[in-house]
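Remarks on the overall topology
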Amino acid sequence: MMRALTIAALAGLATSASAQSTWTGAGDGFSWTDAINWDNGDPNGAGVDVVIDGDNGNNVEVTLDTFRTVGALTITVDDSLRLLQGASLTISSGLTNDGTLFVDAADSSSTDVVLAFSGDSTIAGSGSIVMSDDFDNLVRSTAAVLTNGAAHTIRGGGGILAGLGTQEQTLG
């Protein structure tokens, strides 16, 4: 009986562990997809927690122009992430944003820029999500609840969708 409990406890520890990838900027200094910019390569996967931190007061702006999925995302003070035309970032374990996350669709484009949350999620921190005043900007959750923390702001134009897109709030 004790042996079974020990194995079950160890199995639980193995499934709760996640990798972390922290921005170093050692590659081109701005592209998410340049693996050299990260301490553990280009982060992509629900089990990878991502930290964007310019470190030592160096402000960084990371750009993403493709599809990526991460576990938790942390953006530190004075740092930013810019989702460019055609980008889609899915966050599975929450967002802590003390910097700026730009959802930046180009005017009159037919390609969405999507910041997605899988499951009930909370946006924490004192930063901002800034949408570029275009209807192709989308912040959406696959669950019914997306909570924006009291100190965090979302501004600009676009759509906020929750519950598989059955409810939409347009900003702007």
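Anything mentioned here points back to the structure above.
Residues numbered from 1 in each chain as written. Predicted model: local features only at pLDDT ≥ 70, side-chain atom pairs only at ≥ 80, totals over all residues. Heavy atoms only, no water.

The next subject is the pattern of salt bridges. Oppositely charged side chains can pair when the atoms bearing their charge come close. Overall, the coordinates contain three salt bridges when judged by the stated rule. Residues R68 and D42 are paired through a salt bridge, measuring 2.6 Å at the closest nitrogen-oxygen approach. Separated by 26 residues along the polypeptide, R68 in strand β4 (residues 67-70) and D42 in the loop between β1 (19-22) and β2 (48-52) bring together distant segments of the chain. A salt bridge links R82 to D104, with the nearest nitrogen and oxygen atoms 2.7 Å apart. With R82 in strand β6 (residues 80-83) and D104 in the loop between β9 (100-103) and β10 (113-117), this pair connects stretches of sequence that are 22 residues apart. Judged by its relative accessible area of 19%, R82 is buried. Judged by relative accessible area, D104 falls into the partly exposed class, the value being 22%. Here the residues in one salt-bridge network are E61, R82 and D104, joined through shared partners. (Salt bridge = Lys/Arg side-chain N within 4 Å of Asp/Glu carboxyl O. Helix = DSSP H or I, 4+ residues; strand = E, 2+ residues; numbered from the N terminus. Buried < 20%, exposed > 50% of the residue type's maximum accessible area, 1.4 Å probe, protein only.)

Take the pairing of strand β7 (residues 88-91) next. Two strands pair when backbone bridges link them, and β4 and β7 are joined in this way by four bridges, in the parallel orientation. Bridge pairing in β7 links V70 to I91. (Pairing = 2+ DSSP bridges.)

This brings us to the sheet that holds β2. The pairing of strands in a sheet comes from backbone hydrogen bonds and takes either a parallel or an antiparallel form. Here we have six strands laid out as an open sheet, ordered β1-β2-β5-β8-β11-β14, and parallel in their pairing. Of all strands in the sheet, those with a lone pairing partner are β1 and β14 (146-148), marking the two edges. Mean inter-strand twist for the sheet, computed between neighbouring axes without regard to direction, equals 10°. Judged from the three bridges that link them, β2 and strand β5 (residues 73-75) form a sheet pairing that is parallel. Across the sheet, the residue bridging to V50 is L73, located in β5. (Axes fitted to C-alpha atoms, helices over the stretch in contact; angles between N-to-C directions.)

For residues besides glycine, phi is generally negative; the peptide bonds are generally trans as well. A positive phi angle, near 70°, is found at D78, a position not held by glycine. By the element assignment, D78 lies in the loop between β5 and β6. Taking the relative accessible area as the measure of exposure, D78 reaches 52% and is therefore exposed. The backbone phi angle of D133 is positive, close to 55°, even though this residue is not glycine. Among the residues examined, D133 registers a relative accessible area of 58% and is labelled exposed.

So, on to the nonpolar core. Core analysis: the biggest nonpolar cluster contains 28 residues, and L73 and L81 have the highest contact counts within it. Sorting the residues of this core by element identifies β2, β3 (61-64), β5, β6, β7, β9, β10 and β12 (128-131) as the ones contributing at least two each. (Core = buried A, V, L, I, M, F, W, Y, C linked by side-chain atoms within 4.5 Å.)

Glancing now at the sheet that holds β9. The strand order β3-β6-β9-β12-β15 describes an open sheet built from five strands, whose pairing is parallel. In this open sheet, the two strands that pair with only one neighbour each are β3 and β15 (153-156). For this sheet, the mean inter-axis angle between neighbouring strands, taken without regard to orientation, is 15°. With four bridges joining them, β12 and β15 adopt parallel strand pairing. Opposite I129, over in β15, you have I154 as the bridge partner.

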